[in-house]
Amino acid sequence: MLTVDGVTAGYHSVPVLRDVSLRAETGQVVAVLGANGAGKTSLLRVISGLLPLQAGTISLDGEPIHQMPAHRIARRGLVQVVEARGVLPGLTVEENILLGLLGRGRLRPAVRQEAIARATTYFPWIGERLRAYGAELSGGQQQMVALSRALALDPPTLLLDEPSLGIAPALVDEIYERIALAANDARTVIIVEQHVHKVLAVADRAYVLRRGAVVLHGDVAELRKGNRLEEAYLS
Ligand code: ATP
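Named according to an unreviewed UniProt entry, the protein chain is ABC transporter ATP-binding protein originating from Plantactinospora solaniradicis.

So this is what it looks like as structure tokens:
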């Protein structure tokens, strides 16, 4: 479980997150919504240790992580997927997926096999395209490879920044189905997304940010009643 409590953070002492609190439990998909510049990406960066916080606390399964460097937070199983652009065009699909494991020492064959097996469980087409180069893939396929790279680490906590960005609508649905599966496999998934309807179809809880502050949050089923989400998001 991930708990963000009263977090204020910013760039060059200009706060872009103000007193933000968020809770995400194991097995849940949590959506972070808001207009451009609302602070969504900054919230993910502060959770993964890339942006220092000025006030507040962040804990993972009850243990404070907000003073840890990003690599130690990652070692605790919190992995952030930063858009699909991290797929290297000159490496094969297999190499791209295994890239995330390299930081964990020598790649034993069993670890390698397990990572690829996990990727193909989520995205069966990947098994047929392991030797294809990153450059040959569509934007949607690259996003799936980026997700597979993260899932290869078997992370208990997964942060996703705009998984639908620049992707054909049919593939967006597939990506979201797999993200929901990933959460079912006892993971906590936090998604920043502009495609509100896509993410709400799989999210359990949602937080709406406006100018760095949470203006609405709760269970998606509750929030859907009476258009509260639409009002908060559009006003
Ligand atoms: P988007 O959907 O456009 O990415 P967002 O909700 O993710 O928006 P952030 O990217 O977190 O918002 O940006 C929040 C605010 O912080 C914006 O005003 C932005 O200009 C500012 N900001 C973001 N990154 C930096 C940076 N590296 N240095 C200074 N200011 C930044």
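Visitor: I'd like a description of the sheet that holds strand β3 (residues 29-33), backed by residues and values.
Guide: Taken in spatial order, the 6 strands of this open sheet run β6-β7-β8-β3-β9-β10, and their pairing is mixed. Every interior strand has two partners, whereas the edge strands, β6 (78-82) and β10 (213-219), have only one. Averaged over all neighbouring strand pairs, the angle between strand axes comes to 15 degrees, with direction disregarded. Bridge analysis of β6 against strand β7 (residues 157-161) gives 5 bridges, and the strand direction is parallel. Residue pairing across strands places Val79 opposite Leu158, the latter belonging to β7. Packed on one face of the sheet, helix α1 (residues 40-47) meets β3, β6, β7, β8 (188-192) and β9 (205-210) and runs near 150 degrees to β7.

Visitor: How would you sum up the site of the ligand? Please name residues and give values.
Guide: Looking at the ligand, the residues that line it are Tyr11, Val16, Ala35, Asn36, Gly37, Ala38, Gly39, Lys40, Thr41, Ser42, Glu162 and Gln194. Backbone polar atom of Gly37 to an oxygen atom of the ligand: 2.7 Å apart, as the coordinates give it. Notes on the ligand: free accessible area 630 Å², of which the protein chains cover 57%. No other element matches α1, which puts 3 residues into the shell around the ligand.

Visitor: So what's going on with the side chain of Arg118? Which residues, and what values?
Guide: Summarising the element assignment, Arg118 is placed in helix α4 (residues 109-122). Its relative accessible area of 14% is what places Arg118 among the buried residues. At 2.8 Å, the side chain of Arg118 forms a polar contact with the side chain of Glu114. Once residues lying within four places of it in the same chain are set aside, the contact partners of Arg118 are Leu151, Ala152, Leu153, Asp154 and Arg187.

Visitor: Which residues make up the confidence of the model for the protein chain, and what values do they have?
Guide: Residues shown with low pLDDT carry predicted positions that ought not to be read at fine detail. Mean pLDDT over the protein chain works out to 90, with 97% of the residues at or above the 70 mark. Scored as a complex, the prediction yields pTM 0.91 and ipTM 0.92.

Visitor: Quick rundown of the side chain of Arg187? Include the residues and the values.
Guide: With respect to the secondary-structure elements, Arg187 resides in the loop between α6 (169-184) and β8. The buried category is assigned to Arg187, whose relative accessible area is 3%. A polar contact is formed between the side chain of Arg187 and the side chain of Asp154, at a distance of 2.8 Å. The contacts of Arg187, once residues within four sequence positions are left out, are Thr26, Gly27, Gln28, Arg118, Tyr122, Leu151, Asp154, Pro155, Pro156 and Ala182.

Criteria and cut-off values
- Residues numbered from 1 in each chain as written.
- Predicted model: local features only at pLDDT ≥ 70, side-chain atom pairs only at ≥ 80, totals over all residues.
- Heavy atoms only, no water.
- Pairing = 2+ DSSP bridges.
- Helix = DSSP H or I, 4+ residues; strand = E, 2+ residues; numbered from the N terminus.
- Axes fitted to C-alpha atoms, helices over the stretch in contact; angles between N-to-C directions.
- Contact = heavy atoms within 4.5 Å.
- Near = heavy atom within 4 Å.
- Polar contact = N/O pair within 3.5 Å; in protein donor to acceptor, adjacent residues only side chain to side chain.
- Areas by Shrake-Rupley, 256 points an atom, 1.4 Å probe, with all protein chains shown as cover.
- Buried < 20%, exposed > 50% of the residue type's maximum accessible area, 1.4 Å probe, protein only.
- pLDDT = per-residue confidence, 0-100.

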